[in-house]
Amino acid sequence: MMPAAQNKYKAYATVRPATRTWPDGRIDHPPMWCSVDLRDGNQALIDPMGTDLKMRMWTTLVDMGFKEIEVGFPSASQTDFDFIRTLIEGGHIPDEVTIQVLVQSREELIRRTFEALAGAKRCIVHLYNSTSEAQRRIVFGIDRKGCVDLALSGVALIRDLSAARPEGEVTLQYSPESFTGTEPDFAVEIVEAVAEAWGASPTRRMICNLPATVEMSTPNLYADVIEWFCTTVKNRASLIVSVHPHNDRGTGVAAAELAVMAGADRVEGTLFGNGERTGNVDVVTLALNLYTQGVDPGLDLSDIDTVRRAAEHCTGLPVHPRHPYAGDLVYTAFSGSHQDAIKKGFAARKSANDPTWEVPYLPIDPADVGRSYEAVIRINSQSGKGGIAAVLERDHGLEIPRPLQVEFARIVQELADQKGRELESSEIMTAFADTYFRGGTLELVDYSTVPVGKGVQRALTASLLRDGKDVVIQGVGSGPLDAFVHALGKDLGIHVKVRDYHEHAIGGGSEAQAACYVQIAVGGNAPTHGAAVDAGITMASLKAVISALNRG
């Protein structure tokens, strides 16, 4: 038994804005994005990235369109220092991209950081010190004033070193680290002091980063604190309010979205959420959430599989198959009811002249992120008639009618149960051919028709093999199929009634074929399905009747 929660844990204390507005908000434009894959994400890896992997990650992030990328902690890692020098000296930083580096508020670390940045035209120096009540008391043994003094000493040095840079001043970012464990009034106090010491103004804005270093509350309470901060802090117009949510409660994405609704301008996170403990906020999910609401996220995710492979290679961490938008299985349906709805959604979209995306169970068009439709519907023992029919149509051009779908679905489900695994498309087609195209007692060899009189009736002569012996039958009807049925009854004593009939073309041009599906009843027997494919529609229809008879 777990110990009683009320004796060990206490609910998160929050602050409510005087006028709470964020619940009515809508995100109609993307926040400023900052990737921290190369720093925060990297420090959480079992085997941190070396220069080659860092360069691949860097290239991936730049190609996606990130304009701010935190590239390392150069005063704490020689590898980070060397990588930053490689970026700068190798000319790998596009003019529109700003690099960001992290540093604690300690003189020797700040000076080392500026050494790493020599020659960089656009850079953010991210200064932090922990401000939470627990860390002040337990870790550092300082009071609020000591915490503020520590931050201001770092700001003063950064201001002086920045002013001396021949490449131009840096942008300051300040994080009251462990913001979620910091008293809200103290977070405002220390940020206001840092902003004043830096000389922040509307034309020289400072980034104020409010990290959920540990996610400690439900996302709505985090949003309350963000909105309260934004409406309380002095000179809000001089600040870019940034959030850096972690995912300890599994609600990092929701916390980031609500924080933006509450007034945050900027989000720091990683591709697919890599980071300490349960990870950082997942920028890919955030960006595509915006996209599905009609908002351009400002990041290129048109080839999500390439981005995922790069992240997996660089981090050594697999992206879960069910990961939102990027996982192998997220655009895949095995459930029969889901498959049927998706199939109908695609059919409706094909027939309608409307660009609006509306396909059940698919919140985003897989093609928009570089996925094909081939993997949307996959077949196992849980799949239904709609999914199986969709695979036959998508991969093999067979548009089987609903009654045949019902019958064939049972056959496929039995096969999947026997094999105990997902079925390949080729296996489904093989099962269909084995069921409906296989030979039997009867085989149609050839036929010919001639008109009867001046009406629509036709006389048909058909050559058959019956148990391997040649048989010729003749009949008359309103068309070749009707005449064939008449001949079977007259000459062979097989009295057929066609209950259902469907036909369609497969392909086009000189290589087009015809597919035909029938449901027949013979005497008092239960109805039987048949199917056939041939270069000619008449031959296909007669073969379909033979298929059904052989199965009867």
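Per an unreviewed UniProt entry, the protein chain goes by 2-isopropylmalate synthase and derives from Paramagnetospirillum kuznetsovii. As its UniProt record puts it under Cofactor (unreviewed entry), the protein chain is described as follows: "Mg(2+)". Taken verbatim from the UniProt record of the protein chain, the Function (unreviewed entry) comment is "Catalyzes the condensation of the acetyl group of acetyl-CoA with 3-methyl-2-oxobutanoate (2-ketoisovalerate) to form 3-carboxy-3-hydroxy-4-methylpentanoate (2-isopropylmalate)."

## A few points about a nonpolar patch on the surface
The grouping of Ile138, Val139 and Phe140 at the surface amounts to a nonpolar patch, some 320 Å² of accessible area in total. If you trace the backbone, phenylalanine 140 turns up in helix H6 (residues 133-140).

## A short note on the pairing of strand E7 (residues 239-245)
Most of E7 is tucked away: seven of the seven residues are buried. In terms of handedness, the path from strand E6 (residues 206-212) via helix H9 (residues 219-232) over to E7 forms a crossover that is right-handed. Between E7 and its parallel partner strand E8 (residues 266-269), the chain crosses via helix H10 (residues 252-261), and the hand of that crossover is right-handed.

## Details of the UniProt feature "domain: Pyruvate carboxyltransferase" (unreviewed entry) in the protein chain
The UniProt entry lists residues 31-305 under the feature "domain: Pyruvate carboxyltransferase" (unreviewed entry), expressed in the numbering used here. Between the first and last C-alpha atoms of residues 31-305 the distance is 24 Å; the span itself is 44% helix and 18% strand.

## Some details on the sheet that holds E7
Spatially, E1-E2-E3-E4-E5-E6-E7-E8 is the arrangement adopted by the eight strands of the closed barrel, whose pairing is parallel. Within this sheet the neighbouring strands show an average axis-to-axis angle of 25 degrees, counted without direction. In this structure, strand E4 (residues 123-130) lies alongside strand E5 (residues 171-177), joined through seven bridges in parallel fashion. Residue pairing in the sheet places valine 125 in a bridge with leucine 172 of E5. On top of the sheet, helix H3 (residues 51-64) reaches strand E1 (32-35), strand E2 (68-72) and strand E3 (98-104); it is set at about 170 degrees to E2, its chief contact. Each of E4 and E5 touches helix H7 (residues 144-163); the most contacted strand, E4, lies at about 160 degrees to it.

## Some details on the UniProt feature "binding site: Mg(2+)" (unreviewed entry) in the protein chain
UniProt records the feature "binding site: Mg(2+)" (unreviewed entry) for Asp40, His244, His246 and Asn280 in the present numbering. Over a stretch of 241 residues, the named residues converge on one spot in the fold, their C-alpha atoms separated by at most 10.6 Å. Checked against the element boundaries, histidine 246 lands in the loop between E7 and H10. On the basis of relative accessibility, which here comes to 5%, the residue histidine 246 falls in the buried class. Ignoring any residue separated from it by four or fewer positions in sequence, one finds histidine 246 in contact with Asp40, Ala212, Thr213, Glu215, Gly252, Glu276, Arg277, Gly279 and Asn280. Assessed through its relative accessible area of 2%, asparagine 280 is described here as buried. Apart from residues lying up to four places away in sequence, asparagine 280 is in contact with Val36, Asp40, Gly41, His244, Pro245, His246, Asn247, Gly269, Thr270, Gly273, Asn274 and Gly275.

## Side note on helix H12 (residues 304-315)
One turn of the α-helix equals 3.6 residues, which is why residues spaced by three or four share an orientation. The terminal C-alpha atoms of H12, which comprises twelve residues, lie 16 Å apart, in line with the 16 Å expected from a rise of 1.5 Å per residue. Of all the positions in H12, only Ile304, Asp305, Val307, Arg308, Ala310, Ala311, Cys314 and Thr315 are classed as buried. If you follow the buried residues of H12, they end up packed against H3 and helix H11 (283-291). Where H12 ends, the next residue or the one after it, glycine 316, has phi of about 75 degrees, a positive value.

## Remarks on the pattern of salt bridges
A side chain with one charge can pair with a side chain of the opposite charge if their charged atoms come near. Applying the stated criterion across every chain yields a total of 30 salt bridges. Arginine 39 is the partner of glutamate 70 in a salt bridge, and the nearest nitrogen-oxygen pair spans 2.7 Å. With a gap of 31 residues between them, glutamate 70 in strand E2 and arginine 39 in helix H2 (residues 37-43) connect regions that are remote in the sequence. By relative accessible area, arginine 39 is classed as buried at 9%. Here glutamate 169 and arginine 204 are joined by a salt bridge, their closest N and O atoms 3.0 Å apart. One end of the pair, glutamate 169, is in the loop between H7 and E5; the other, arginine 204, is in the loop between helix H8 (184-198) and E6, and 35 residues separate them in sequence. The class for arginine 204 is partly exposed, based on a relative accessible area of 23%.

About the cut-offs
- Residues numbered from 1 in each chain as written.
- Predicted model: local features only at pLDDT ≥ 70, side-chain atom pairs only at ≥ 80, totals over all residues.
- Heavy atoms only, no water.
- UniProt positions renumbered as here; feature names shortened; annotations may be inferred.
- Patch = residues over 30% accessible without salt bridge, like charges linked within 9 Å, V, L, I, M, F, W, Y side chains within 5 Å.
- Areas by Shrake-Rupley, 256 points an atom, 1.4 Å probe, with all protein chains shown as cover.
- Salt bridge = Lys/Arg side-chain N within 4 Å of Asp/Glu carboxyl O.
- Helix = DSSP H or I, 4+ residues; strand = E, 2+ residues; numbered from the N terminus.
- Buried < 20%, exposed > 50% of the residue type's maximum accessible area, 1.4 Å probe, protein only.
- Right-handed = clockwise from strand over helix to strand, strands pointing away.
- Pairing = 2+ DSSP bridges.
- Axes fitted to C-alpha atoms, helices over the stretch in contact; angles between N-to-C directions.
- Contact = heavy atoms within 4.5 Å.
- Expected span 1.5 Å × (residues − 1).

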